[in-house]
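The lines below spell out each chain.
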Amino acid sequence: MAILYSKYVLGSLTLQNHLVMSPMTRNRAPGNIPNALMAEYYAQRATAGLIITEGTSPSPNGLGYPRIPGIFSPAQVEGWKHVTDAVRARGAKMFVQLMHCGRIAHPLNLPAGARMLAPSAVAAGGEIYTDAEGMKPHPAPQAMTGEDIRSAIAEYVQAAKNALTAGFDGIELHSANGYLLEQFIRPNTNQRTDGYGGPIKNRARFVLETAEAVVGAIGRDRVGIRLSPFGVFNDMPLYDGMEVDYTYLAQQFDARGLVYIHLVDHSSMGAPPVPDAMKATFRNLFKRTLILSGGYDAGRAESDLAAGKCDLIAVGRPFLANPDLVARWRNNAALNAPDMSTFYTPGLRGYTDYPALKK
Ligand SMILES: Cc1cc2nc3c(=O)[nH]c(=O)nc-3n(C[C@H](O)[C@H](O)[C@H](O)COP(=O)(O)O)c2cc1C
């Protein structure tokens, strides 16, 4: 395991190893404010090289799920400071994932005065969980006006600045898994007829303008992006031209010098696989750091790093269930199994109570 546990230079940061904790929504933030329990959870896992937080909203409008954190209010920034302090003390670097849910939301999950916004007024199929009334069908969002688009970009910029105030090393734009940024990229959710809809050059405009604006605010070494080419989560069907669109995006993000691209592959969760050719396209076109994720164990992680398929490996469920995952992988120790029934429930059970190995 020569590469996985060695240091890695990510932009201006040195990571203590090549293992990244994937962003995972855990719904432990009542009132959308990060708290001491969350600081404990992340600190337990801070032997990773890089921790990417759970999806965190840059705007009241982006809080689509119950009990997810934000990073737009002073109380949220204060709450995150305790988290980043606890993580830094154990050596991990930390990026906050900026997740604006867009149409994947419900008015019952949103604070007073917030709006469900999306590129077009197209409701997602299926249902979403609310604390107040359980499962509810996805309502149709409002199509964003030009003013709404400008405000949303300004919210991302402010959130990126807040992230540095809160002690994060950078931000990850969540442009995957059917949330707002991907809703602009994909033709099923973007039916606009203005400069933000139509050909890929236009469908990519919102995410590229957002990326440029946050890079302008906090610097390119502090901005990464998560993408899910061939992802279908949250009612985002496959379509002809997907590969061409994502090839264009790889080129555009390379031109803007983002510090990393983080690709999602949910085939280990039953989703269609991301073709190897698509991953290779990103590897060839994007010159800075490439992170691959999805279904990794230690052996596959080391062999993909050794083969040069990527620079870093991100791991989700094994980190969720094993606070000391790095030590367990290193020592070839048995792993705790993740308990799906407590992925999104409030409280410490299934959150901070997964046991570490006895010393
Ligand atoms: C409980 C849970 C919550 C998740 N929340 C997010 C999220 O907030 N943002 C995101 O980009 N991906 C999210 N994901 C996807 C993971 O980041 C990762 O891509 C997925 O779990 C596959 O990797 P794994 O096989 O290592 O678990 C979530 C996954 C799980 C299991």
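Residues numbered from 1 in each chain as written. Predicted model: local features only at pLDDT ≥ 70, side-chain atom pairs only at ≥ 80, totals over all residues. Heavy atoms only, no water.

*Asks:* Honestly, the pattern of salt bridges in this entry has me stumped. Any pointers?
*Replies:* As a working rule, side chains carrying opposite charge can pair if their charged atoms are close by. Using the criterion set out here, one finds 15 salt bridges in the structure. Close ionic contact of aspartate 245 with arginine 203 constitutes a salt bridge, the shortest N to O distance being 2.9 Å. One end of the pair, aspartate 245, is in helix H7 (residues 242–256); the other, arginine 203, is in helix H5 (residues 200–203), and 42 residues separate them in sequence. (Salt bridge = Lys/Arg side-chain N within 4 Å of Asp/Glu carboxyl O. Helix = DSSP H or I, 4+ residues; strand = E, 2+ residues; numbered from the N terminus.)

*Asks:* Would you mind going over empty space enclosed by the protein with me for this structure?
*Replies:* If you roll a probe as big as a water molecule over the atoms, it shows you where there is empty space left. Using the criterion set out here, one finds one cavity of 30 Å³ or more in the structure. Estimates place the volume of the largest cavity at around 30 Å³. Around the largest cavity, the lining residues are Thr84, Val87, Arg88, Ala92, Met94, Gly167 and Asp169. Among the elements that take part in the lining of the largest cavity, helix H2 (residues 74–88) stands out by supplying three residues, more than any other. (1 Å grid on protein atoms, 1.4 Å probe; cavity = no way out; pocket = protein on both sides within 12 Å on 5 of 7 lines; lining within 4 Å. Points joined across faces, edges and corners; volume = space filled by probe spheres on them.)

*Asks:* Just to check I follow, could you spell out the packing of H7 against helix H8 (residues 276–285) for this structure?
*Replies:* Helix packing geometry: the angle between the two helix axes and the distance between the axes. The interhelical angle for the contact between H7 and H8, taken along N-to-C directions, is 20°, at an axis separation of 9 Å. When the axes of H7 and H8 are compared, the pair comes out roughly parallel. Here the hand of the crossing between H7 and H8 comes out right-handed. Side by side, H7 and H8 meet where Glu243, Tyr246, Thr247, Ala250, Gln251 and Asp254 of the first sit next to Ala277, Met278, Thr281, Phe282 and Leu285 of the second. Per-class residue counts for the contact of H7 with H8 are six nonpolar, three polar and two charged. (Axes fitted to C-alpha atoms, helices over the stretch in contact; angles between N-to-C directions. Parallel < 35°, antiparallel > 145°, perpendicular 65-115°, else oblique. Left-handed = near helix turned anticlockwise from the far one by under 90°. Contact = heavy atoms within 4.5 Å. Nonpolar A, V, L, I, M, F, W, Y, C, P; charged D, E, K, R; others polar.)

*Asks:* Hey, could you run me through the packing of aromatic side chains in this one?
*Replies:* Centre distance and the angle of the planes are the two values used to describe a pair of aromatic rings. For the structure shown, the criterion picks out eight aromatic pairs. Taking NZ or CZ as reference, arginine 300 lies 3.9 Å from the ring centre of tyrosine 296, over its face. (Phe/Tyr/Trp six-rings, centres within 6.5 Å; stacked < 30°, edge-to-face > 60°. Lys NZ or Arg CZ within 6 Å of the ring centre and 35° of its normal.)

*Asks:* When you look at the environment of asparagine 332 in this model, what are you seeing that I'm missing?
*Replies:* Relative to the elements of secondary structure, asparagine 332 occurs in the segment after helix H11 (325–330). Residue classification places asparagine 332 among the exposed positions, given a relative accessible area of 73%. Through-space distance from the C-alpha of asparagine 332 to that of alanine 298 is 8.7 Å; in sequence the pair is 34 residues apart. (Buried < 20%, exposed > 50% of the residue type's maximum accessible area, 1.4 Å probe, protein only.)

*Asks:* Would you take a moment to explain the site of the ligand for this structure?
*Replies:* Every one of the 20 residues lining the ligand counts as a neighbour, but Pro23, Thr25, Arg226, Gly295 and Arg317 are closest to it. Contact between the ligand and serine 268: an oxygen atom at 3.4 Å from a side-chain N or O atom of the residue. One of the backbone N or O atoms of glycine 295 is found 2.7 Å from an oxygen atom in the ligand. Compared with its free state, where it exposes 610 Å², the ligand has 95% of that area covered by protein. Among the residues forming the shell around the ligand, the class breakdown is seven nonpolar, eleven polar and two charged. (Near = heavy atom within 4 Å. Polar contact = N/O pair within 3.5 Å; in protein donor to acceptor, adjacent residues only side chain to side chain. Areas by Shrake-Rupley, 256 points an atom, 1.4 Å probe, with all protein chains shown as cover.)

*Asks:* Which parts of the structure should I look at to understand the pairing of strand S5 (residues 93–98)?
*Replies:* Working note: regular strand, side chains alternate between the two faces of the sheet. Burial runs high along S5: five of the six residues are buried. A crossover links strand S4 (residues 50–56) with its parallel partner S5, the connecting element being H2, and its sense is right-handed. (Right-handed = clockwise from strand over helix to strand, strands pointing away.)

*Asks:* Explanation requested: the packing of helix H6 (residues 205–218) against H7 in the structure shown.
*Replies:* Closest axis-to-axis distance for the H6/H7 pair is 11 Å, and the angle between their directions is 15°. Regarding the angle of H6 to H7, the classification is roughly parallel. In this structure, the crossing between H6 and H7 has a hand that is right-handed. Residues Val207, Leu208, Ala211 and Glu212 of H6 lie in contact with H7, whose contacting residues are Tyr248, Leu249, Gln252, Phe253 and Arg256. Of the residues belonging to the contact of H6 with H7, the class tally is six nonpolar, one polar and two charged.

*Asks:* For this particular structure, what's the right way to read the pairing of strand S12 (residues 260–263)?
*Replies:* Residues Tyr260 and His262 line one face of S12 and the alternating positions Ile261 and Leu263 line the opposite face, and both faces are buried. Note: strand S11 (residues 223–227) against S12, four bridges, orientation parallel. Bridge pairing links isoleucine 225 to isoleucine 261 in S12. Two strands pair when backbone bridges link them, and S12 and strand S13 (residues 289–293) are joined in this way by four bridges, in the parallel orientation. (Pairing = 2+ DSSP bridges.)

*Asks:* How do you make sense of the side chain of aspartate 324 when you look at a structure like this?
*Replies:* One can find aspartate 324 in the loop between helix H10 (317–321) and H11. A distance of 2.7 Å separates a polar atom in the side chain of aspartate 324 from the backbone nitrogen of leucine 357. Ignoring anything within four residues of it in the chain, the contact list for aspartate 324 reads Pro355, Ala356 and Leu357.

*Asks:* Explanation requested: H6 in the structure shown.
*Replies:* Counting along an α-helix, one turn takes 3.6 residues, and residues three or four places apart therefore face a common direction. Between its first and last C-alpha, H6 extends 20 Å over 14 residues, near the 20 Å set by a 1.5 Å rise per residue. Within H6 the residues assigned to the buried category are Phe206, Val207, Leu208, Thr210, Ala211, Val214, Val215 and Ile218. Contacts made by the buried residues of H6 are with helix H3 (146–165), strand S10 (170–175), helix H4 (180–185), H5, S11 and H7. Phi turns positive one or two residues past the end of H6, at glycine 219, with a value near 95°. (Expected span 1.5 Å × (residues − 1).)

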